[in-house]
Amino acid sequence: MIESLLVANRGEIARRVIKTAKRLGVRTIAVYSEADAGLPFVAEADEALCIGAPQSYRNADAILAAAKSTGAQAIHPGYGFLSENADFARAVEAHGLIWVGPPAAAIAAMGDKINARNLMAEAGVPVAPGTHDPAATVEEAVEAATTIGYPVMVKAASGGGGMGMAVATDDSGLRTEYDKVRAFAERMFGDGSVLIERYFPRVRHVEVQILGLADGRVVALSERECSVQRRNQKLVEEAPSPAVDAALRERFRAAAIKAGEAVGYRNAGTVECLLDPATGEFFFLEMNTRLQVEHPITELIHGLDLVEEQLRIASGLAPTFQEITTNGHAIELRINAEDPKRFLPGPGKVATWVEPTGEGVRVDSGYAEGTTVTPFYDSLMAKLIVFGADRPDAIAKARAAVAGFEIAGPKNNLPFFAELLENEEFLSGDYDTGIISRMR
């Protein structure tokens, strides 16, 4: 097992990785920005080093220098920031460190959505109708949309996290959205490449957790339902999906394994798909080459610690499991510092922070009473995760946990979750990515 680990991230995911690493006897090193000096993850690591301004989590040189000065053996990137940066993964290994993530080649292959689509199609993974090459001009985009058929999704080829996406229903709208997405992609990702795909007005977002093991095998765990979204970004996830039966689950898992094998995947990753509930057809959306925010629900239904599995794979060790078993139902609610109606960020100092407790209740938090949610980062404050014998039991526990979670200071979206957990469409399990728009 790795002996020392630098966590190149912050907040709740840094705490999450540190917790497992310490349980395994691994020395933990945190890096933090000046804005995060008072957060819990800094105090919980065995050693912590300030690397500068709020933007420092994207500073590869600063992180590598911190690893060298602290004698770290490995780096875990968490999610976001540099976690899906192939150049950073290469640099980590070039410095003689262990990268707790997939090979740089796999990150690069999946980081370009057009390349990823083409690779998946060649591997026999279903992909939605769309462009095989970037639409270099708006005229090419219009020509592609005419072939695919409206409505279409206009997507940044190097985008992620729900960013750089827009829907067009006709030529005029496509011309407008193409220019917007291209400009956004150049500004945010340094790559203005745009792809055009079929847009499904009613669709579910279902993903499969995979693990590329140290012995070269790729295994697929159960699926997660991620259709409760605002602005294409997830707010609620549950596992297993209420839309997936045993036969469809096997099809999902087989496709996910093909996807991982096609790029020689190692470590934890997620194959994201769109599911057409009317036909039962699903299509590859993208592969996230890192640990997902929503990984705890998979942990609970399988009885696994995915961070431990990541560390074992990076150490060249066998997994903790010989076969994969599934039990119960889990739901994760992303507790954000944001307005519960319009979902606009609302940072501030945390005056009250009381986490719910009880059987089947887990909170992965990045903040505590007296800390401050600053405007420099994603608004995620904590993940409220519940586990029940079945979906109704999990929903009942989620209701109680939301009612028992006390936060004062920053705005928060707990009232939205209280509303969602009484919503008939959500309770039925027959919902899609438009559920929030119908609630509003």
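1. Here we look at the packing of helix α1 (residues 11-23) against helix α11 (residues 306-314)
Now for step 1: Taken N-terminus to C-terminus, the directions of α1 and α11 make an angle of 65°; their axes are 9 Å apart at the nearest point. Helix-helix and strand crossings are classified by hand; for α1 and α11 the assignment is right-handed. Across from R16, V17, T20, A21 and R23 in α1, the residues of α11 making contact are L306, V307, E308 and L311.
Now for step 2: Here the residues of the contact of α1 with α11 are counted per class, giving five nonpolar, one polar and three charged.

2. A look at the sheet that holds strand β8 (residues 194-198)
Sheet strands line up and pair through hydrogen bonds in the backbone, either parallel or antiparallel.
Now for step 1: The strand order across the open sheet formed by three strands is β7-β6-β8, and the pairing between neighbours is antiparallel. The strands lining the two open edges of the sheet, one partner per strand, are β7 (165-168) and β8. Taken over all neighbouring pairs, the strand axes of this sheet differ in orientation by 25° on average, direction set aside.
Now for step 2: Where strand β6 (residues 152-156) and β7 come together, four bridges link them in antiparallel fashion. Looking across to β7, one finds that V152 is bridged to A168.

3. Side note on the nonpolar core
Now for step 1: If you look at the biggest cluster of nonpolar residues, it comprises 68 residues, and the most contacted ones within it are V228 and I335.
Now for step 2: Excluding anything up to four places from it in sequence, V228 contacts Q233, K234, L235, V236, F416, L420, F426, Y431, I435 and I436.
Now for step 3: Judged by nonpolar contacts, the second largest core, of 25 residues, contains M110, V206, I210 and F284.

4. Let's talk about the environment of N413
Now for step 1: In this structure, N413 sits in the loop between β20 (406-408) and α13 (414-420).
Now for step 2: Along the primary structure N413 and N336 are separated by 77 residues, whereas in three dimensions their C-alpha atoms are 5.9 Å apart.
Now for step 3: Not counting residues up to four positions away in its chain, the partners in contact with N413 are L235, R334, I335, N336, E338 and P340.
Now for step 4: Within the structure, the side chain of N413 is placed 3.0 Å from the backbone nitrogen of N336, a separation counted as a polar contact.

5. Let's talk about the packing of helix α7 (residues 138-148) against helix α8 (residues 171-189)
Now for step 1: It is the contact of α7 with α8, at a shortest axis distance of 10 Å, that shows an interaxial angle of 135°. With respect to each other, α7 and α8 are oriented oblique. Crossing geometry of α7 relative to α8 is assigned as right-handed. Contacts between α7 and α8 involve V138, E139, A141, V142 and A145 on the former and, on the latter, D171, L174, R175 and Y178.
Now for step 2: The residue inventory of the contact of α7 with α8, partitioned by class, reads six nonpolar, no polar and three charged.

6. Focus: the pattern of salt bridges
Now for step 1: In total, this model carries 37 salt bridges according to the counting rule given.
Now for step 2: As a salt-bridge pair, D432 and R202 come within 2.7 Å of each other at their nearest N and O atoms. Residue D432 is found in the loop between α14 (424-428) and α15 (435-439), and its partner R202 is found in the loop between β8 and β9 (204-212); the two are separated by 230 residues along the sequence.
Now for step 3: Salt bridges sharing partners connect three or more residues here, namely R16, R23, E299, D305, E308, R362 and D364.

7. Things to note about the sheet that holds strand β2 (residues 27-33)
Now for step 1: Read across the open sheet, the five strands follow the order β3-β2-β1-β4-β5; overall the sheet is parallel. Strand pairing shows two members of the sheet lacking a second neighbour, β3 (47-52) and β5 (98-99), which therefore form its edges.
Now for step 2: Sitting on the sheet, α1 touches β1 (4-7), β2 and β4 (74-76), and the angle it makes with β1 is about 175°.

8. Description of the packing of aromatic side chains
Between two aromatic rings, the relevant description is the distance of the centres plus the angle of the planes.
Now for step 1: Following the criterion strictly, the structure yields 12 aromatic pairs and no others.
Now for step 2: Ring geometry for W353 versus F405: centroids 5.4 Å apart, planes at 90°, classification edge-to-face. Here W353, found in strand β16 (residues 352-354), pairs with F405, found in the loop between α12 (391-404) and β20; they are 52 residues apart in sequence, far enough to count as distant. You'll find W353 and F405 in the same group, each marked buried.
Now for step 3: Between F426 and Y431, the ring centres sit 5.2 Å apart and the planes meet at 40°, which makes this aromatic pair tilted.

9. Quick notes on the layout of surface pockets
Now for step 1: Looking at the second largest pocket, its volume works out to about 270 Å³.
Now for step 2: As for the second largest pocket, its lining consists of 14 residues, and the residues nearest its centre are R15, R16, K19, R362 and D364.
Now for step 3: Secondary structure elements with two or more residues in the lining of the second largest pocket: α1 and β17 (361-365).
Now for step 4: A total of six residues in the lining of the second largest pocket trace back to one element, the largest contributor, which is α1.
Now for step 5: Of the residues contributing to the lining of the second largest pocket, the split by class is two nonpolar, two polar and 10 charged.

10. Considering unusual backbone geometry
Now for step 1: Cis geometry marks the peptide bond from Y150 to P151, where omega comes out at 0°.
Now for step 2: Tracing the sequence through the fold places P151 in the loop between α7 and β6.
Now for step 3: Here the residue pair A239 and P240 is connected by a cis peptide bond, since its omega of -5° sits within 30 degrees of zero.
Now for step 4: Residue placement: P240 occurs in the loop between β11 (233-239) and α9 (246-262).
Now for step 5: For F81, which is not a glycine, the phi torsion comes out positive at approximately 50°.
Now for step 6: The phi torsion at N232 lies on the positive side, around 65°, for a residue other than glycine.

11. Re the environment of A418
Now for step 1: Note that A418 resides in helix α13.
Now for step 2: Judged by relative accessible area, A418 falls into the partly exposed class, the value being 39%.

12. Thoughts on α11
Now for step 1: Across the nine residues of α11, seven count as buried, placing the element largely inside the fold.
Now for step 2: Turning to α11, its buried residues number three or more, namely L306, V307, E308, E309, Q310, L311 and I313.
Now for step 3: Structurally, the start of α11 carries an N-cap: the backbone nitrogen of V307 is 3.0 Å from a side-chain oxygen of D305.
Now for step 4: G316, located one to two residues past α11, shows a positive phi value of around 80°.

Rules used in this analysis
Residues numbered from 1 in each chain as written. Predicted model: local features only at pLDDT ≥ 70, side-chain atom pairs only at ≥ 80, totals over all residues. Heavy atoms only, no water. Axes fitted to C-alpha atoms, helices over the stretch in contact; angles between N-to-C directions. Helix = DSSP H or I, 4+ residues; strand = E, 2+ residues; numbered from the N terminus. Left-handed = near helix turned anticlockwise from the far one by under 90°. Contact = heavy atoms within 4.5 Å. Nonpolar A, V, L, I, M, F, W, Y, C, P; charged D, E, K, R; others polar. Pairing = 2+ DSSP bridges. Core = buried A, V, L, I, M, F, W, Y, C linked by side-chain atoms within 4.5 Å. Buried < 20%, exposed > 50% of the residue type's maximum accessible area, 1.4 Å probe, protein only. Polar contact = N/O pair within 3.5 Å; in protein donor to acceptor, adjacent residues only side chain to side chain. Parallel < 35°, antiparallel > 145°, perpendicular 65-115°, else oblique. Salt bridge = Lys/Arg side-chain N within 4 Å of Asp/Glu carboxyl O. Phe/Tyr/Trp six-rings, centres within 6.5 Å; stacked < 30°, edge-to-face > 60°. 1 Å grid on protein atoms, 1.4 Å probe; cavity = no way out; pocket = protein on both sides within 12 Å on 5 of 7 lines; lining within 4 Å. Points joined across faces, edges and corners; volume = space filled by probe spheres on them.

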